[in-house]
Amino acid sequence: MGDRNSRLGRMWHWLVWLVWRPLTAPFRWGQQWRRRRRTKASLTAVLSPPATNPSPNPINKLLAITAVFSTLALIAVTAYALLHQPIAPSPITIVLTPTPVGTPEPTVVKTAVSTQPEPLPTPLPTPTPAPTAVPLRDPLANGGSILFSLQRDGNEDIFLLPAGQPAPIRLTDHPAPDRDPAWRPDGQALAFASRRDGNWEVYLYDLASDNLQRVTQQGGFDGAPAWSPDGLWLVYESYRDDNFDLYLQKADLSEPARRLTTDPAADYAPVWSPDGRHIIFTSWRGGSEDLFALSLDDAGLEAVNLTNTPDLHENEAAFAPNGRFLAYTQSDGTLPLIAVQPVGEDGRLLGAATTIGQQGQSPTWSPDSGSLLYVYQRSGQDYLLGGSVEAWGVVAQAYAPNGRLSHPDWSPTVVDPAILASLQSRLARRDAGSTAAKELFTEALAPGPLALLFELPVNAPSPYLNDHVDQSFLALRERVTAEAGWDYLGQLDGLFVPLENKPLPGQPLANWSKAGRAFDVAYREALAFDPRLEVVREDVGGQTMWRLFVKTAVQDGSQGEPLRHLPWDFRPRLDGDPLYYDQGGKLREAIPAGYYIDFTALAAEYGWQRVAASDNWRTYFAGIQFWHFENRQDLSWPEAMQQLYDEAELTATLGERWDQ
C-alpha cells in the first residue's frame with residue numbers, strides 16, 4: 001500500500017502541472033481581467049462620481065465551472081486506472097516446519113519480498129549450484145535406554161541397549177524364554193513375561209538389586225505387562241477360561257488382581273495413556289483387529305472402538321510421552337505399516353491415521369515424543385530402526401541382531417554405568433560357570449565329492465534328505481516334540497522326490513524336494529473337524545504366505561500359548577458356495593481356544609523356510625503350499641542339484657536347459 005500511495009502522490013503533481021493549469025487558464029485570465037477592471041474602476045471613482053458595479057461575466061463563470069468539473073473527472077478516471085492496474089502481489093515465502101509429534105500444528109514463517117522493479121542484467125550461463133544438504137536429527141540422539149527381547153540359539157532373553165551404543169547388554173539368561181519387557185516409569189526396574197516357572201507369568205526385575213519378583217500366580221497364560229504413569233499399577237493380558245482379557249494389578253501385590261474386560265472376543269496388548277486415565281488395547285470385537293479405549297473414570301468400563309476399520313488390522317499401540325499422539329501397527333493384509341494419529345483429551349483418536357511410509361511393527365516413542373523406534377523385517381533379518389518426525393523418509397539403524405527381535409520399549413532414563421557394569425559382571429560370572437555356547441544343531445557331512453541322501457526315521461514316502469540339512473530337520477523335530485508334547489513331524493506327506501519324477505501341472509521344474517532340501521507336513525491336520533493344525537494367512541508383498549500353529553498336547557498353559565489371529569478355513573471352498581470357492585476359503589468365525597506353538601517360527605530357527613502360495617492357489621489346491629518348507633542355505637537350485645548329481649546325469653534326465 002505504501003508503494004501505491006507514493007504513485008498517487010506523484011501522479012497528483014503531474015496532473016497539476018500538465019492538466020490543471022491549461023484547463024484553468026481561462027479562469028485565471030478572467031481573474032486578471034477583473035483585477036484590471038477593479039483597478040481601473042478605483043481610479044475612475046477617485047476622478048469621477050460613483051457608478052453602479054457591473055455584473056459578473058457569465059462566460060467566465062461557465063469556463064471556471066467547466067474547468068473544475070473536467071479536472072475532477074480526469075482525476076477520478078486516472079485514480080480508477082491506477083487503483084485497478086494489475087500489480088504483482090508481494091510474494092510470500094512460507095516455510096513449513098515438519099510437524100513434530102509434540103506440536104499440533106505446523107509452524108508457519110512468512111517473509112515478505114520486495115516487488116520494486118529492478119533492471120534485469122543480461123543473463124549469463126551459470127552452473128546450477130548443488131543443493132545444500134539439510135542436516136537431519138539423529139532419532140537415536142535423544143538418549144535414554146531401550147529394552148527389547150531377542151530370540152536366538154533356541155531361547156529368548158531380554159536385552160538393554162543404551163541409545164546410540166552399538167551393542168546391547170543382556171539382562172536375563174534363564175533357559176526359559178523371557179519377553180515383553182516394559183520399563184517402570186522411573187527407569188530403575190522392568191516388568192516382563194517369562195515361562196521360567198512352567199507357565200507364562202509376569203515378573204518384576206530391579207536392576208540395581210538384581211531382585212526378581214513374580215507378580216501373577218494364577219497359572220495359564222499372563223503376559224504383555226504395561227505400567228501406569230505413577231509406577232503403582234500394572235495392566236496385562238491373561239488367558240483364562242479359553243479367552244483373552246485384561247487384568248489390573250497393584251505392583252506391590254498389596255491387592256488382588258482386578259478383571260477389566262469380559263467380552264467373549266480376545267482383548268490383549270494393553271498400553272496405559274500418559275494421563276493415567278485410559279487403557280488402549282487390541283481386540284477382535286468388531287470382526288477385525290481394532291484398537292479400543294477403556295476409560296478408568298467410567299464405572300461401567302465400557303470399551304470404545306477407536307479405529308473401527310473392518311478392512312484393516314491395528315495392533316501394538318504406543319502412546320507418545322506427551323500423550324498427544326498414538327502410534328500403532330496397521331495392515332491391510334499385505335504389509336505392516338507404522339501409523340500415527342492424534343489423541344484427544346477424552347482418549348479418542350482425532351482425524352485420520354497417517355502412515356509414515358515405513359514398513360514395520362512394534363513401535364515405541366523416544367523420550368521427547370519426536371522419534372519412533374520399530375522392528376523391520378527383511379529376508380529373514382530383523383532390524384531395529386529409528387525415524388524422526390522431521391524426516392520419516394530417512395531412518396537410522398539402531399541395531400541389527402542375529403535373531404528375532406520384538407517388543408522394544410524406550411525409557412528416558414540413562415541407566416547408571418555402575419549398575420550396567422555390575423550386570424555385565426554378574427552375567428560374566430554365570431557364563432564362566434556354564435558350558436560353552438550351545439548350538440541348535442551341527443550338520444555332520446559325509447566325505448566325498450557329492451552329498452549323500454540319508455534316510456530319516458519318519459513315516460513318509462521316500463524318507464530321505466540331503467546330508468547338508470538332515471541334522472537340522474532332526475533337531476527341529478526334537479524341538480517341536482518337546483514344545484508341542486507330541487511328534488508332529490513323525491508323519492510327513494513328502495520328503496525326497498526322485499530326479500525322474502515329472503512336476504505336477506502348474507508346478508515349476510525347480511523342485512527343492514528333488515535336491516533333498518524340502519519336506520511337506522501332513523496337511524490333513526488342518527482340514528479335520530477338530531484340527532490340531534491351524535493355518536493363518538499372511539499376505540506379504542503381494543504374495544500369500546502361511547503361518548502354521550500346532551496345538552499342544554497339554555492344554556493347561558505349560559505348553560504353547562493362545563492364538564491372537566483368526567485362522568484360514570479351507571473347507572468352505574468345497575461347500576458349493578461360489579464366493580468361497582473363488583476366495584479359496586474364508587476366515588474362521590472365531591479364534592480357536594487352546595494353546596499352540598508357532599511351528600513356522602520354530603522351523604525358521606533351524607533354517608527351514610515357508611514358501612509363497614502359487615498365484616492360482618484359490619482354485620488349485622496344490623498351489624496353496626502351506627505344508628511345504630525348504631532349506632536352501634543360500635544356494636540356487638542348480639547349485640543344490642549339483643550337490644547330489646553330476647552334470648551329465650542332470651542333463652540326461654532334465655534336458656540341456658535344465659539350469660535355465
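Remember, it's a predicted structure, so these values are computed and weren't measured experimentally.

About the criteria used
- Residues numbered from 1 in each chain as written.
- Predicted model: local features only at pLDDT ≥ 70, side-chain atom pairs only at ≥ 80, totals over all residues.
- Heavy atoms only, no water.
- Helix = DSSP H or I, 4+ residues; strand = E, 2+ residues; numbered from the N terminus.
- Buried < 20%, exposed > 50% of the residue type's maximum accessible area, 1.4 Å probe, protein only.
- Core = buried A, V, L, I, M, F, W, Y, C linked by side-chain atoms within 4.5 Å.
- Contact = heavy atoms within 4.5 Å.
- Polar contact = N/O pair within 3.5 Å; in protein donor to acceptor, adjacent residues only side chain to side chain.
- Phe/Tyr/Trp six-rings, centres within 6.5 Å; stacked < 30°, edge-to-face > 60°.
- Lys NZ or Arg CZ within 6 Å of the ring centre and 35° of its normal.
- Pairing = 2+ DSSP bridges.
- Salt bridge = Lys/Arg side-chain N within 4 Å of Asp/Glu carboxyl O.
- Arc of directions from axis to C-beta.

Enquirer: Even after reading the chapter, I still don't get unusual backbone geometry, so can you show me in this structure?
Expert: With the exception of glycine, most residues fall at negative phi, and the peptide bonds are largely trans. Its identity is not glycine, yet Asp180 carries a phi of approximately 55°, on the positive side. Checked against the element boundaries, Asp180 lands in strand β6 (residues 178–183). Under the relative-accessibility criterion, Asp180 is labelled buried at 9%. One non-glycine residue, Asn308, adopts positive backbone phi at about 50°. With respect to the helices and strands, Asn308 occurs in the loop between β17 (303–305) and β18 (313–319).

Enquirer: Please explain the nonpolar core as it appears in this structure.
Expert: Soluble globular proteins: nonpolar side chains tend toward being buried together. Leu476, Tyr488, Phe519, Phe599, Trp608 and Phe626 are the most contacted members of the largest nonpolar core, which totals 37 residues. Only α5 (470–484), β30 (518–521), β31 (533–540), β32 (543–551) and α7 (599–605) provide two or more residues apiece to this core. In this structure Phe519 touches Phe473, Leu476, Leu489, Leu492, Gly494, Leu495, Phe599, Trp608, Trp627, His628 and Phe629, once residues within four positions along its chain are discounted. Counting 15 residues, the second-largest nonpolar core is a separate cluster that includes Ile158, Leu190, Ile419 and Leu423.

Enquirer: Got a minute to help me understand the side chain of Asp382 in this structure?
Expert: With respect to the helices, strands and loops of the structure, Asp382 is situated in strand β24 (residues 381–388). At 3.3 Å, the side chain of Asp382 and the side chain of Gln377 are in polar contact. A distance of 2.7 Å separates a polar side-chain atom of Asp382 from the backbone nitrogen of Leu405. Leaving out residues up to four positions away in the same chain, Asp382 has contacts with Val375, Tyr376, Gln377, Ala400, Pro401, Gly403, Arg404 and Leu405.

Enquirer: What am I meant to see in the packing of aromatic side chains here?
Expert: We describe a pair of aromatic rings using the distance from one ring centre to the other and the angle between the two ring planes. Using the criterion set out here, one finds 28 aromatic pairs in the structure. Aromatic rings pair up to connect Tyr523, Trp546, Trp568, Phe570, Trp617, Phe621, Phe626 and Trp627 into one cluster. Residue placement shows Arg240 over the ring face of Tyr247; its charged tip is 3.9 Å from the ring centre.

Enquirer: Help me understand the sheet that holds strand β13 (residues 258–259) in this model?
Expert: Working definition: the strands of a sheet are paired by backbone hydrogen bonds and lie parallel or antiparallel to each other. What the four strands build is an open sheet, ordered β10-β11-β12-β13; its pairing is antiparallel. Looking at the sheet topology across the chains shown, the edges are occupied by β10 (221–227) and β13.

Enquirer: Sorry if this is basic, but what is going on with the pattern of salt bridges here?
Expert: Any two side chains of opposite charge can pair, on the condition that their charged atoms come close. Per the stated rule, a full pass over the model turns up 27 salt bridges. Residues Arg564 and Glu237 are paired through a salt bridge, measuring 2.4 Å at the closest nitrogen-oxygen approach. Taken as a pair, Arg564 in the loop between β32 and β33 (568–569) and Glu237 in strand β11 (residues 233–240) lie far apart in primary sequence, 327 residues in all. With a shortest N-O distance of 3.0 Å, Glu525 and Arg532 are connected by a salt bridge.

Enquirer: Just to check I follow, could you spell out the pairing of β31 for this structure?
Expert: Consecutive residues of a regular strand have side chains that alternate between opposite faces of the sheet. In this sheet, β32 lies alongside β31 in antiparallel orientation, the contact comprising eight bridges. Across the sheet, the residue bridging to Val536 is Arg547, located in β32. The antiparallel pairing of β31 with β32 creates a hairpin that spans two residues between the two strands, and Gly541 there sits at a positive phi of about 60°.

Enquirer: Even after reading the chapter, I still don't get helix α8 (residues 637–644), so can you show me in this structure?
Expert: Residues separated by three or four positions in an α-helix point in the same direction, a consequence of the helix having 3.6 residues per turn. Among all positions in α8, only Trp637, Ala640, Met641, Gln643 and Leu644 are buried. Buried residues of α8 fall within an arc of 150° about the axis and therefore sit on the same side. Of the surrounding elements, those touching the buried residues of α8 are β27 (453–455), β28 (464–466) and α9 (647–654).

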